[in-house]
Amino acid sequence: MSIGEIRGEDLTVRGGETLILRGLNVSARGGEMLGLGGPSASGKTSLLYALGGLAPLAAGRLLIDGRPAVAWREATTGIILQNVYLVPVLSAEETVALPLQSGAVPRPDVADRAVAALDRLGLACYAAQMGR
């Protein structure tokens, strides 16, 4: 099953008692690759955790193709975080390609899309680097 759109409406994320994000609206269409930038501690990772079902929302709605998201049902979504969570036996290109292999992207296009994403981020020179 491919996903047409993921949408967050009026999202609020807390870390304990600390308000991290409030009233955020965000959407992405299937097949898009998006980057998220901002200063340290601005809520980027917290937002990605919430969108990926890895952290609960304090308020708001997360919709996938217009239906409330259910983490176990939406197992075809993927997140690549900046932390040292690279797969040690995979190159940067192979790591970026992992979420593309869910079936939403035709198999012959996966490697090209992964390299293109690294290139857009100025990281193409690291495509072959292993995730040690």
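(A) Fine view of helix α1 (residues 44-51). Taken residue by residue, α1 has Lys44, Leu47 and Ala50 as its buried positions. Down the axis of α1, the buried side of the element spans an arc of 130°, and every buried residue falls inside it. Looking at the buried positions of α1, the neighbouring elements they touch are β1 (5-15), β2 (18-29) and β3 (59-64). Backbone geometry just downstream of α1 places Gly53 in the positive-phi region, at approximately 75°.

(B) Spotlight on the pairing of β3. Bridge analysis of β1 against β3 gives 5 bridges, and the strand direction is antiparallel. When the bridges of β3 are listed, Ile6 appears paired with Ile64. Of the pairings in the sheet, the one linking β3 to strand β4 (residues 67-68) comprises 2 bridges and is antiparallel in character. When the sheet's bridge partners are listed, Ile64 is paired in β4 with Arg67.

(C) Representation of a nonpolar patch on the surface within the structure. Among the surface-exposed residues, Leu121, Leu123 and Tyr126 lie close enough to one another that they form a single nonpolar patch of about 300 Å² accessible area. Relative to the helices and strands, Leu123 resides in the segment after α3 (110-120).

(D) Main features of the sheet that holds β3. Here we have 4 strands laid out as an open sheet, ordered β2-β1-β3-β4, and antiparallel in their pairing. Strands with a single pairing partner mark the edges of an open sheet, and in this sheet they are β2 and β4. Those strands touched by α1 are β1, β2 and β3, and its axis lies near 125° from that of β1.

How each quantity is defined
Residues numbered from 1 in each chain as written. Predicted model: local features only at pLDDT ≥ 70, side-chain atom pairs only at ≥ 80, totals over all residues. Heavy atoms only, no water. Buried < 20%, exposed > 50% of the residue type's maximum accessible area, 1.4 Å probe, protein only. Helix = DSSP H or I, 4+ residues; strand = E, 2+ residues; numbered from the N terminus. Arc of directions from axis to C-beta. Contact = heavy atoms within 4.5 Å. Pairing = 2+ DSSP bridges. Patch = residues over 30% accessible without salt bridge, like charges linked within 9 Å, V, L, I, M, F, W, Y side chains within 5 Å. Areas by Shrake-Rupley, 256 points an atom, 1.4 Å probe, with all protein chains shown as cover. Salt bridge = Lys/Arg side-chain N within 4 Å of Asp/Glu carboxyl O. Axes fitted to C-alpha atoms, helices over the stretch in contact; angles between N-to-C directions.

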